[in-house]
Amino acid sequence: MSAQPEHRWGAMPLPEIRTVDDLRSALDRYGFPGDREKFEAELSAAIGASPTNDFEGAAAVVRAYRHRVRIRNSSEIMAALEDARSEGSGS
């Protein structure tokens, strides 16, 4: 049986996220699998449910996904997630 490769995450250069389009691009490149699709669905739902003069729900979705990109860029957090996943699988 061959040894399994060790997967360790390195820090990637953090992209500038100034607009929703910047966030979309960052999710495509740096997000977790499915993040971009989930973001679009949650953003659409938040906008649809928002009063016309208050888009705080949509802003909260944007902040949450911007944070996910930052988490994905943190080598410490990604290593901890990988360790937790390995421990949970009995490896």
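It should be emphasised that the depicted structure is a prediction, and the values quoted were computed from it without experimental measurement.

J.: Got a minute to help me understand the confidence of the model for the protein chain in this structure?
T.: Detailed reading of the predicted model is not advised wherever pLDDT is low. Residues of the protein chain with pLDDT of at least 70 account for 84%, and the chain-wide mean is 84. Confidence, expressed as mean pLDDT per element, reaches its minimum in the protein chain at helix α4 (residues 75–88) with 82 and its maximum at helix α2 (residues 35–49) with 97. A low-confidence stretch, residues 1–9 stays under pLDDT 50, and its non-local contacts, those more than four residues away or across chains, total nine contacts.

J.: Explain the packing of aromatic side chains to me, please; I cannot follow it from the model alone.
T.: Given two aromatic rings, their pairing is described by the distance between the two centres and the angle made by the two planes. Overall, the coordinates contain one aromatic pair when judged by the stated rule. Centroid distance F39 to Y65: 5.4 Å. Interplanar angle 65°. Geometry classified as edge-to-face. On the criterion of sequence distance, the pair formed by F39 in helix α2 and Y65 in helix α3 (residues 56–73) is long-range, its members being 26 residues apart. Of the two residues, F39 and Y65, both sit in the buried class.

Calculation criteria
Residues numbered from 1 in each chain as written. Predicted model: local features only at pLDDT ≥ 70, side-chain atom pairs only at ≥ 80, totals over all residues. Heavy atoms only, no water. pLDDT = per-residue confidence, 0-100. Helix = DSSP H or I, 4+ residues; strand = E, 2+ residues; numbered from the N terminus. Contact = heavy atoms within 4.5 Å. Phe/Tyr/Trp six-rings, centres within 6.5 Å; stacked < 30°, edge-to-face > 60°. Buried < 20%, exposed > 50% of the residue type's maximum accessible area, 1.4 Å probe, protein only.

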